[in-house]
Amino acid sequence: RFASLKPRAAWWAALCAGLLLGLAFLIRIPVILLVPGYLLLIWPKAWIPRIKDSVTAFGVGVFCGGIIPLLVHQHRITGAWYLPTYGSADASSPRLDVNLLKSNLAFYFASGPGSRHNWQLYILAAGLIGLILFRAAFYSTRLEPGGKRTIVSALTVWALSTTFFVTHQVAIAYYPLP
């Protein structure tokens, strides 16, 4: 709604948000997994965004603030922009292995050291319940598209990174936290 009232301010706000998320990505690469959830929040009503939309500004910010500087850094350190600086196990692709899933689920959600750091699920659930109750108490009983978009975005932010790290070979306690 802000974008329709003040399109120029919304464009600059999206650019700044993209630059800051790009900086966060530059600091910790898995932050890129949060981008789809944020894109859900700012995606325009039209299916295909235009140059003047907030999505474009956000994408330019992420690209210029994080992706390009990271590729330059990778090139300087390794000699090529596509070579990782991580170890081979940490740079490996996620994989669907039943034993890996069992051990990582136990590590992050049961009795493993990662479970004490995985508190964001409880905050996400409390926030979603609070959002639904707040909307039901003060607005119409049905959830508007903006509220649905917020819920889907929050679930996407949490589910995408959690799915990646549950299927990742290396399990570190703080990994799922953005």
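One can find the structure itself at the top, above this paragraph.
Conventions adopted
- Residues numbered from 1 in each chain as written.
- Predicted model: local features only at pLDDT ≥ 70, side-chain atom pairs only at ≥ 80, totals over all residues.
- Heavy atoms only, no water.
- Patch = residues over 30% accessible without salt bridge, like charges linked within 9 Å, V, L, I, M, F, W, Y side chains within 5 Å.
- Areas by Shrake-Rupley, 256 points an atom, 1.4 Å probe, with all protein chains shown as cover.
- Salt bridge = Lys/Arg side-chain N within 4 Å of Asp/Glu carboxyl O.
- Helix = DSSP H or I, 4+ residues; strand = E, 2+ residues; numbered from the N terminus.
- Buried < 20%, exposed > 50% of the residue type's maximum accessible area, 1.4 Å probe, protein only.
- Phe/Tyr/Trp six-rings, centres within 6.5 Å; stacked < 30°, edge-to-face > 60°.
- 1 Å grid on protein atoms, 1.4 Å probe; cavity = no way out; pocket = protein on both sides within 12 Å on 5 of 7 lines; lining within 4 Å.
- Points joined across faces, edges and corners; volume = space filled by probe spheres on them.
- Nonpolar A, V, L, I, M, F, W, Y, C, P; charged D, E, K, R; others polar.
- Expected span 1.5 Å × (residues − 1).
- Arc of directions from axis to C-beta.
- Axes fitted to C-alpha atoms, helices over the stretch in contact; angles between N-to-C directions.
- Parallel < 35°, antiparallel > 145°, perpendicular 65-115°, else oblique.
- Left-handed = near helix turned anticlockwise from the far one by under 90°.
- Contact = heavy atoms within 4.5 Å.

Caption draft 1: Region of the structure containing a nonpolar patch on the surface. On the surface, a nonpolar cluster with roughly 340 Å² of combined accessible area is contributed by Leu20, Leu23 and Ile27. The residue Leu23 is located in helix α2 (residues 7-27) in this model. For Leu23, a relative accessible area of 42% corresponds to the partly exposed category.

Caption draft 2: The packing of aromatic side chains, seen in detail. Applying the stated rule across the entire model yields five aromatic pairs. Ring geometry for Trp11 and Trp12: centres 5.1 Å apart, planes at 85°, overall edge-to-face. Judged by centre distance (6.4 Å) and plane angle (65°), the ring pair of Phe109 and Trp158 falls under edge-to-face. Here Trp158 lies in helix α7 (residues 145-166) and Phe109 lies in helix α5 (residues 98-109), a separation of 49 residues in the sequence.

Caption draft 3: Fine view of the layout of surface pockets. Approximately 580 Å³ is the volume attributed to the second largest pocket. Taken together, 26 residues make up the lining of the second largest pocket; nearest its centre are Ile29, Pro30, Tyr86, Asp90 and Ala91. Mapped onto the lining of the second largest pocket, the elements with two or more residues apiece are α4 (54-78) and α7. For the lining of the second largest pocket, the leading source of residues is α4, giving four residues. Across the lining of the second largest pocket, the residue classes break down as 19 nonpolar, five polar and two charged.

Caption draft 4: How the structure looks around α5. In a regular helix each residue adds 1.5 Å, so 12 residues correspond to 16 Å; α5 covers 16 Å between its end C-alpha atoms and thus fits that length. Every buried residue of α5 is accounted for by Leu100, Asn104, Phe107 and Tyr108. Angular distribution of buried residues about the axis of α5 spans 85°; they occupy a single face of the element. Structural note: α5 exposes Val98, Asn99 and Lys102 on the side pointing more than 90 degrees away from its buried face.

Caption draft 5: Representation of the packing of α2 against α4. Between α2 and α4, whose axes approach to 7 Å, the crossing angle comes to 25°. Taken together, the axis directions place α2 and α4 in an arrangement best described as roughly parallel. For the crossing formed where α2 meets α4, the hand is right-handed. Across from Ala10, Trp11, Ala14, Leu15, Ala17, Gly18, Leu19, Leu21, Gly22, Leu23, Phe25 and Leu26 in α2, the residues of α4 making contact are Ser54, Ala57, Phe58, Val60, Gly61, Val62, Gly65, Gly66, Ile67, Pro69 and Leu70. The residue makeup of the contact of α2 with α4, split by class, is 17 nonpolar, six polar and no charged.

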